[in-house]
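The residues making up each chain are set out below.
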Amino acid sequence: MTVDLERGHQHWVPTTSHARAAVGGIVVAIVAAVTGRPDLLVMATPLLLIAVWSAMTRPDATPLVRERLAHRRIREGEATHWTFDIYPSPGTEEVVAWAVAPPSTQLWPYGGVSAVGVSTQAARSRSGGTSIDPVRLRIGVRSVRWGRREVGPAAVMASSAWNAFQWQSPRCAPRLLVTVPGSTPYGSLAPSPRPRGLVGLHRSARRGEGTEFATIRPFQTGDRLRRIHWPVSLRVGTLQVTATWAEQDTHVVLVVDGINDIGESGGIDGVASSLDVSARAAGALAEHYLLGGDRVELRVVDVHGLTRLPAGGGRQHLIRVLDVLSGMRPGSRFGFDPRAGNARLPAGGLILVLSPLVSTQALEQTMSLARSGFTTLVVDTLPSDVAQRDPGNPFVEIAWRIRLLEREREMRRVQELGVPIVRWVGPGSLDEVLRGLSRRAAAPRMGHR
Amino acid sequence: MTETLRPGGTGSDFDLPEYGVPDDEILVLTFGRIRLSTCVAPAVVVGCGVLAAGTVPTIRSATLILLIAVLTVAVTVRPDSYAGLLLVLTTAAYWAVTVPDRFSAYVLPAALSVLVLHTSLAASTTSPVDRPTDAVRRRWRRRTLAIGAVTVTVWLATRAFHAAARPAGIVLPFAGFAFLAVVAWFVRTRSKPLGPLPTPVWEERPVVGRAIDDLSLFT
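Residues numbered from 1 in each chain as written. Chains lettered and ligands numbered in written order. Predicted model: local features only at pLDDT ≥ 70, side-chain atom pairs only at ≥ 80, totals over all residues. Heavy atoms only, no water.

Colleague: Describe the overall build of chain B, with residues and values.
Modeller: For chain B, the helix and strand inventory stands at 6 helices and 0 strands. Along its sequence from the N terminus, chain B presents helices and strands in the succession α-α-α-α-α-α. Within chain B, the proportion of its 219 residues that are buried is 41%. Total accessible area on chain B stands at roughly 11,900 Å², and carbon and sulfur atoms take up 68% of it. (Helix = DSSP H or I, 4+ residues; strand = E, 2+ residues; numbered from the N terminus. Buried < 20%, exposed > 50% of the residue type's maximum accessible area, 1.4 Å probe, protein only. Areas by Shrake-Rupley, 256 points an atom, 1.4 Å probe, with all protein chains shown as cover.)

Colleague: Let's hear about the sheet that holds strand β18 (residues 350-355) of chain A: which residues, and what values?
Modeller: Residue and element names in this part refer to chain A. Ordered in space as β17-β16-β15-β18-β19-β20, the 6 strands form an open sheet in which the pairing is mixed. Each edge of the open sheet carries a strand with a single partner, namely β17 (305-312) and β20 (421-423). Across the sheet, the axes of successive neighbouring strands diverge by a mean angle of 20 degrees, strand direction being ignored. Inspection of the sheet shows β18 paired to strand β19 (residues 375-380) by 6 bridges, in the parallel sense. Within β19, the residue paired with leucine 352 across the bridge is leucine 377. Running over the sheet, helix α7 (residues 360-371) touches β15 (251-257), β16 (295-302), β18 and β19 and is turned about 165 degrees from β18. (Pairing = 2+ DSSP bridges. Axes fitted to C-alpha atoms, helices over the stretch in contact; angles between N-to-C directions. Contact = heavy atoms within 4.5 Å.)

Colleague: I'd love a proper account of the packing of helix α1 (residues 16-35) of chain A against helix α3 (residues 83-98) of chain B, names of residues and values included.
Modeller: Running from N to C, α1(A) and α3(B) point in directions that differ by 25 degrees, and their axes come no closer than 9 Å. Classified by the interaxial angle, the pair formed by α1(A) and α3(B) is roughly parallel. For the element pair α1(A) and α3(B), the recorded crossing hand is right-handed. Contact residues: α1(A) offers A:Ala19, A:Arg20, A:Val23, A:Gly24, A:Val27 and A:Val28, while α3(B) offers B:Gly84, B:Leu85, B:Val88, B:Leu89 and B:Ala92. When its residues are assigned to classes, the contact of α1(A) with α3(B) shows 8 nonpolar, 2 polar and 1 charged. (Parallel < 35°, antiparallel > 145°, perpendicular 65-115°, else oblique. Left-handed = near helix turned anticlockwise from the far one by under 90°. Nonpolar A, V, L, I, M, F, W, Y, C, P; charged D, E, K, R; others polar.)

Colleague: Would you mind going over the side chain of A:Asp302 in detail, with residue names and values included?
Modeller: Residues and elements named next belong to chain A. Along the chain, aspartate 302 falls in strand β16. Polar side-chain contacts of aspartate 302 include one of 3.0 Å to the backbone nitrogen of histidine 304. With sequence-adjacent residues up to four places away left out, aspartate 302 is seen in contact with Gly258, Thr307, Gly327, Met328, Arg329, Gly331, Ser332 and Arg333. (Polar contact = N/O pair within 3.5 Å; in protein donor to acceptor, adjacent residues only side chain to side chain.)

Colleague: A description of the packing of aromatic side chains should follow, citing residues and the corresponding values.
Modeller: Residue and element names in this part refer to chain A. The final tally for this structure, using the stated rule, is 3 aromatic pairs over all chains. Note on tryptophan 53 and tryptophan 162: the rings are 5.8 Å apart at their centroids and 80 degrees apart in plane angle, and the pair reads as edge-to-face. One end of the pair, tryptophan 53, is in helix α2 (residues 38-56); the other, tryptophan 162, is in the loop between β10 (154-159) and β11 (165-168), with 109 residues separating them in the sequence. Residue classification places tryptophan 53 among the partly exposed positions, given a relative accessible area of 24%. Overall, the relative accessible area of 2% leaves tryptophan 162 in the buried class. (Phe/Tyr/Trp six-rings, centres within 6.5 Å; stacked < 30°, edge-to-face > 60°.)

Colleague: Account for the pattern of salt bridges, with residues named and values stated.
Modeller: Evaluated as defined, the whole model comprises 21 salt bridges over all chains. The residue A:Glu93 makes a salt bridge to B:Arg143 at a minimum N-O spacing of 2.5 Å. With A:Glu93 in the loop between β4 (79-87) and β5 (94-99) and B:Arg143 in helix α5 (residues 134-163), this residue pair bridges two chains. For the pair A:Glu93 and B:Arg143, one class covers both residues: buried. The partner of A:Glu297 in a salt bridge is A:Arg299, and the shortest N-O contact between them spans 2.9 Å. Residue A:Glu297 shares its accessibility class with A:Arg299, and that shared class is buried. What emerges from the salt-bridge pattern is a single network uniting A:Glu76, A:Arg145, A:Asp261, A:Asp276 and A:Arg280. (Salt bridge = Lys/Arg side-chain N within 4 Å of Asp/Glu carboxyl O.)

Function-wise, these values are silent; they only describe arrangement.
This is how it looks when you write it as structure tokens:
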């Protein structure tokens, strides 16, 4: 049947089924009476009976509908449900709810339609003034890709006996469903290259209050008495104390290049595009560092220009980070210079650039960061099989091979500035490079005067 | 292949079983049965007419058969259109033109076929897709059988009048209408007066922007 979501009718209206039974039955019965043919009356009997039955059981009141989307924010691959509580009026026999699925969203049951029959006795009990439990319909909503999408519109339709009369609710406005990037498992044991905060889990380059042993040194004024190492003190004859390394947090800046989205995205169950990899990697890194007590700042360069989420810590900040990531849209803003925000970057922070490294803007920004002396690490998010994704067109593969050769040359230019580039492969992707950066940070450096 | 989805959030009792494939199968089966009934019922009426007439269809009957075929295709494609009404009227006209015997026994399967045709069309338009639940299917089947039983009773009444050699041509229609009036009265008296219900109101909720909520999702 045709579904008109734009306009619902507030009253019960007769359907073509009722017209068929009533008009067809009456016309055939009249012809039978006029021509005196009882066989035609027999043919008209079922239609007349159904028409009379339908007219006598026509609902008089309109149903009451309440709807609710259970969750406003879910992760990729998770599902929520759209619940419709329908209080049927007497005479209502079947209720149906349906919704329209946006891209990258699956609805269950098939087509987003949820149908159920209403017990006639239950519908009648309301006429006695007693409340009844509503008929509850649920449409499952599963989001297979991160992003902000509106689910719906939706509507509810009720029908009477023999589908003779129908009532359709007004269209329910679409509901915004925020799908944050999936939780990619990520863990790292590598130390942070330059922890500069006050408290945290990373070993500082300085000695101070902490738990990790550094050395044993002579007692100085101000040292805590519990730090005195009595065995050594008795052996050497003077007071000796245990020195420890200070523990600090670090300031991590995630710079996500959302200018290009390369490759087809199959959602959480299929192949990943470059922006999928970037979003999921950024989410995993943010979760890893934030749950480790570090501060994370997020910068997204996409069609909106530069979106900056100031540094913060804790679980709530993780939700903010994921929320901003879910709002990414590929594209570039005309005249936007991504280097404009470099001046506000913190000294000593760890800057992680997540980019497929195919846009000039991202390369320029990375080189600018390296020249400014920031500890920068580039995470390559270009899918490895991007050149083989269109086997039917050999020219695409050739074009991609040429482009990838150019990209390698551009990546070497970045690496010559001391910026390591590492491909994102999940847990432990950055460990080796971060250890190298830590060693480099601890080494003596020649400064310009 | 099926998979069980994990709903978002905690403490939810909602589980989505068997995503995808089984629904497709149900849809195809249900769709096929209802459409098959829609196609077969007019063919049964035509066949009964040919058997009742006992002769080769005339040009007038053949024209009506052709029209029935066209309308059958139309209602199969669009069951919610008025082509169904035209199909019922055309079927009755075909019977009146083709069958001269007013008390033919073949009228009973023909009338039951009309009932099946109407029921299948009505059932297929209760939902945007043909996906009735088992309870709904049982309800429709039970009611169709009840209407069919009454139809058989009316047919038996016509046969009884015919056997008694009564002038049934005038009496029967009025008797039938009187019977329908009794049925209508019976149905009406079973319906209790309805109290007023509130007007339908959607539960409005604010549009979510970049606000942070649902913290439990990540705990």
